[in-house]
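These are the residues of each chain, in order.
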Amino acid sequence: MTYIFERKGILRLLVLGMVLMLFPYAIMGAERKRNTFYDDYIDKYKDLAISHMKKYKIPASITLAQGLLESGAGRSSLTVRSNNHFGIKCHNGWKGESVIAADDTPNDCFRKYKKAEDSFDDHSRFLSEKQRYSDLFSLGITDYRGWARGLQKAGYATDKAYANKLIKLIEDYELYRFDKKGGKRDAEREEIQIITPVSSSGVRHTPYKTHGLVYVVAQRDDTYASIANEFGFKVKDLCEYNEVPENFPIQEGDLIYFQKKKKKADKPYYEHVVQVGESMYSISQLYGVKVSNLYKMNKRDFEYVPVEGDILRLR
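What counts, and where the lines are drawn
- Residues numbered from 1 in each chain as written.
- Predicted model: local features only at pLDDT ≥ 70, side-chain atom pairs only at ≥ 80, totals over all residues.
- Heavy atoms only, no water.
- Helix = DSSP H or I, 4+ residues; strand = E, 2+ residues; numbered from the N terminus.
- Buried < 20%, exposed > 50% of the residue type's maximum accessible area, 1.4 Å probe, protein only.
- Contact = heavy atoms within 4.5 Å.
- Core = buried A, V, L, I, M, F, W, Y, C linked by side-chain atoms within 4.5 Å.
- Disulfide = S-S within 2.5 Å.
- Pairing = 2+ DSSP bridges.
- Axes fitted to C-alpha atoms, helices over the stretch in contact; angles between N-to-C directions.
- Phe/Tyr/Trp six-rings, centres within 6.5 Å; stacked < 30°, edge-to-face > 60°.
- Lys NZ or Arg CZ within 6 Å of the ring centre and 35° of its normal.
- Salt bridge = Lys/Arg side-chain N within 4 Å of Asp/Glu carboxyl O.
- Expected span 1.5 Å × (residues − 1).
- Bend = angle between axes of the 7 residues up to and from the residue.
- Polar contact = N/O pair within 3.5 Å; in protein donor to acceptor, adjacent residues only side chain to side chain.

1. Focus on the overall build of the chain
Logical step 1: When its secondary structure is counted, the chain shows twelve helices and seven strands.
Logical step 2: Relative to its full complement of 315 residues, the chain shows a buried share of 43%.
Logical step 3: In the chain, 63% of the contacts between residues at least 6 apart in sequence involve partners at least 24 apart.

Here's what the structure looks like:
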């Protein structure tokens, strides 16, 4: 009898040891967990979003992110009842069918469509024809951050974290990869960079050092491949240092690190006040801190979206 209990005790210790050993990897896996409903929605509507990008010049990433957010990946009560994927209300002049649902008031009027495609088409026309969104169309087709900030600024939604939620969805699900298929100008630029790499005698970037890390400031049309080629890095390594997949888009002014980022920010950077259009990733780049550490320091899970005015610990 004693022998049995001893065996059970040893087994418990072994199991506990294995759990403790795997715990860090369990956290990493949880951080990267994807919503299968979101993946299904993206697969179902990505071609439609790309076709609308070509026709209306709205980034496919923005269309998909708004659809995911506003419709709950097509599963919200409003979307099921009305095929309304973008939360567009009736407004003046709407002559189609409608449904009543709670939003800003208990009885808001929302547009109803016969099929999802009609909702996507109305969304594209809604943005392209409304004067308050006109400034967005001066932005590049790959500038999803600018589009997200612009939509919030123009009043598309009252949620203070609306832009940040869109950016998180685009970066978590790599929706930016669809934008490259729409803008001819962007595709031509990328091809030129591949055909004509920067030579060692024509260095474009000046390395700097901040937070004890060496970095360069991204210029227009940069890619991780072009920067890696310029400084003799492997693209895989450069992306690993910056915690991004190899197809992650670079925007002018981004910091690109040449070393692994730190566990916490250097003094005197103790806190950061979140601004519109920021994500946990962009904040981590600003201070040279690993994304996972930024979540841990603030006791947030991977689903957290920083809201304008939130105060985040940096060390």
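So, next bit.
2. A closer look at the nonpolar core
Logical step 1: Leu151, Tyr156, Leu175 and Tyr224 are the most contacted members of the largest nonpolar core, which has 70 residues in total.
Logical step 2: The element contributing the most residues to this core is helix 2 (residues 36-56), with nine residues.
Logical step 3: Beyond its immediate chain neighbours, meaning those up to four positions away, Tyr156 contacts Gln66, Glu70, Phe86, Ile88, His123, Phe126, Leu127, Tyr133, Leu151 and Tyr162.

3. Describing the side chain of Gln251
Logical step 1: With respect to the secondary-structure elements, Gln251 resides in the loop between helix 10 (235-241) and strand 5 (255-257).
Logical step 2: Since its relative accessible area comes to 15%, Gln251 is described here as buried.

4. What about the state of the cysteines?
Logical step 1: Inspection of every chain in the model, using the stated rule, returns one disulfide.
Logical step 2: Note on cysteine connectivity: Cys90 is disulfide-linked to Cys109, with sulfurs 2.0 Å apart. Linking Cys90 and Cys109, the disulfide has an S-S dihedral of approximately -65° and is accordingly described as left-handed. With a gap of 19 residues between them, Cys90 in the loop between helix 4 (77-82) and strand 1 (98-101) and Cys109 in strand 2 (residues 108-111) connect regions that are remote in the sequence.
Logical step 3: Under the relative-accessibility criterion, Cys109 is labelled partly exposed at 26%.

5. A look at the sheet that holds strand 5
Logical step 1: With respect to topology, three strands assemble into an open sheet ordered 3-4-5, the strand pairing being antiparallel. In this open sheet, the two edge strands, each paired with only one partner strand, are strand 3 (208-210) and strand 5. Put simply, the sheet's adjacent strands are angled 50° from each other on average, direction ignored.
Logical step 2: Where strand 4 (residues 213-217) meets strand 5, three bridges bridge the pair, whose relative direction is antiparallel. Across the sheet, Val216 pairs through a bridge with Ile256, a residue of strand 5.

6. Overview of the packing of aromatic side chains
Any pair of aromatic rings gets described here by the distance separating the centres and the angle formed by the planes.
Logical step 1: Within the structure shown, the criterion is met by 20 aromatic pairs.
Logical step 2: Between Tyr208 and Tyr215 the ring centres are 5.9 Å apart and the planes differ by 35°, which places this aromatic pair in the tilted class.
Logical step 3: The exposure class of Tyr208 is partly exposed, given its relative accessible area of 44%.
Logical step 4: Residue classification places Tyr215 among the buried residues on the basis of a relative accessible area of 12%.
Logical step 5: Measuring from ring centre to ring centre gives 4.8 Å for Phe233 and Phe258, while their planes differ by 50°; the resulting arrangement is tilted. Here Phe233 is found in the loop between helix 9 (224-231) and helix 10, whereas its partner Phe258 is found in the loop between strand 5 and strand 6 (271-273), with 25 residues between them in sequence.
Logical step 6: With a relative accessible area of 11%, Phe258 lands in the buried category.
Logical step 7: Cluster of aromatic residues (ring-pair linked, three or more members): Tyr41, Tyr45, Phe86 and Phe120.
Logical step 8: The ring centre of Phe37 lies 3.6 Å from the NZ or CZ of Arg75, which sits over that ring.

7. Remarks on the pattern of salt bridges
Logical step 1: What the rule picks out here adds up to 14 salt bridges.
Logical step 2: A salt bridge links Glu171 to Arg145, with the nearest nitrogen and oxygen atoms 3.9 Å apart. You can see Glu171 sitting in helix 7 (residues 162-172) and its partner Arg145 sitting in helix 6 (residues 144-153), a full 26 residues away along the chain.
Logical step 3: Taking relative accessible area as the criterion, Glu171 reaches 14% and is therefore assigned buried.
Logical step 4: Asp159 is the salt-bridge partner of Lys165, the closest N and O atoms lying 2.6 Å from each other.
Logical step 5: The exposure class assigned to Lys165 is partly exposed, which follows from its relative accessible area of 27%.

8. Let's talk about helix 2
Logical step 1: Taking 1.5 Å per residue, 21 residues should reach 30 Å; helix 2 reaches 29 Å between its end C-alpha atoms and fits that length.
Logical step 2: The sharpest bend along helix 2 measures roughly 50° and falls at Tyr45.
Logical step 3: Regarding helix 2, the residues found buried are Tyr38, Tyr41, Ile42, Tyr45, Leu48, Ala49, Ile50, His52, Met53 and Tyr56.
Logical step 4: Residues of helix 2 that are buried make contact with helix 3 (60-71), helix 5 (116-129) and helix 7.
Logical step 5: The N-cap of helix 2, judged by a side-chain oxygen 2.8 Å from the amide nitrogen of Phe37 a few residues on, is Asn35.
Logical step 6: Taken from the residues just after helix 2, Lys57 is the one with a positive phi, measuring 65°.

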